[in-house]
Amino acid sequence: GGLFHGIGFTPYAGVTYAYSSFTQRFGGGIPGFGVDFQYDTRLRNNAWGLMFGGQVMKPVRNTPVMLRAGLTGQVDFNRVRGSDSLDFTGFGSQTMQVSNNDTTFSYTANAGVTVGARAPIRFDIDFFGGGIGNTPVVTRDGVGPSRVELERSDYFGGMLRTTFTF
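All figures in this text were calculated on a predicted structure; none of them were measured in a lab.

Conventions adopted
- Residues numbered from 1 in each chain as written.
- Predicted model: local features only at pLDDT ≥ 70, side-chain atom pairs only at ≥ 80, totals over all residues.
- Heavy atoms only, no water.
- Helix = DSSP H or I, 4+ residues; strand = E, 2+ residues; numbered from the N terminus.
- Phe/Tyr/Trp six-rings, centres within 6.5 Å; stacked < 30°, edge-to-face > 60°.
- Buried < 20%, exposed > 50% of the residue type's maximum accessible area, 1.4 Å probe, protein only.

1. Structural notes on the environment of Gly 116
Along the chain, Gly 116 falls in the loop between β4 (92-115) and β5 (121-139). As a C-alpha pair, Gly 116 and Thr 63 span 53 residues in sequence and 8.6 Å in three-dimensional space.

As C-alpha cells, then:
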C-alpha cells in the first residue's frame, strides 16, 4: 500500500431550493438644510440550484484517525424581486420595484480530522470556507433608478463535534 492505499471517495449531487429575504434601512440628515432621508429596501430571492461535489477520506494507518477533505459547487438560478423606497423630508415617499433574474455560482471547501471513526465516541474538527454567489445588493448612483445585483459573499469557519454511538 502506497500513499493512496485506503483512500475513499464519496461523490454527491442534488437539487436545491432556497428562499431568502433581505431588509435594509439606511438614513441620515443633511446638515444645514434641515432635511432627513431614509432608504427602505425589501427583497426576496427564490433560488433553485444544482449542487455537486465530493469528499475524500483517508484513514491514518494503525491509528483511530481519519483525514477528510472536500469540495462542493452549486449553480443557482435566482429570481430576486422587491422594492426600494426613498423618504425625503418635504417630498414624501417614492417607491420603485426592483428585480433581477441571474445565474450565480457558490462553492465550499472543507478539511477535517476525525478521531475514533469506528469507536462509540468520536471527535471531529473541521474547517471550511467558500463563497455564496447570490447575495443581493441594491445599487443607487443618484442618476438612474435603483437596481438590484447579485454579488459574492465570502465566509469561513470551524467546527468541533463529539458524537456518541450506543
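The discussion continues.
2. Examining the packing of aromatic side chains
Counted under the stated rule, the structure contains five aromatic pairs. With centroids separated by 4.6 Å and ring planes inclined at 45°, the aromatic side chains of Tyr 17 and Trp 48 adopt a geometry described as tilted. Placement of Tyr 17 in strand β1 (residues 8-30) and of Trp 48 in strand β2 (residues 35-59) is noted, with a sequence separation of 31 residues between them. Classification of Trp 48 as exposed rests on a relative accessible area of 52%. On the numbers, 6.3 Å between centres and 75° between planes, the contact of Phe 37 with Tyr 39 is edge-to-face.

3. Focus on unusual backbone geometry
What is expected of a backbone is that most residues other than glycine have negative phi and most peptide bonds are trans. At Asn 62, a residue that is not glycine, the phi angle is positive and equals roughly 60°. On the secondary structure map, Asn 62 appears in the loop between β2 and β3 (65-88). Judged by its relative accessible area of 76%, Asn 62 falls in the exposed class.

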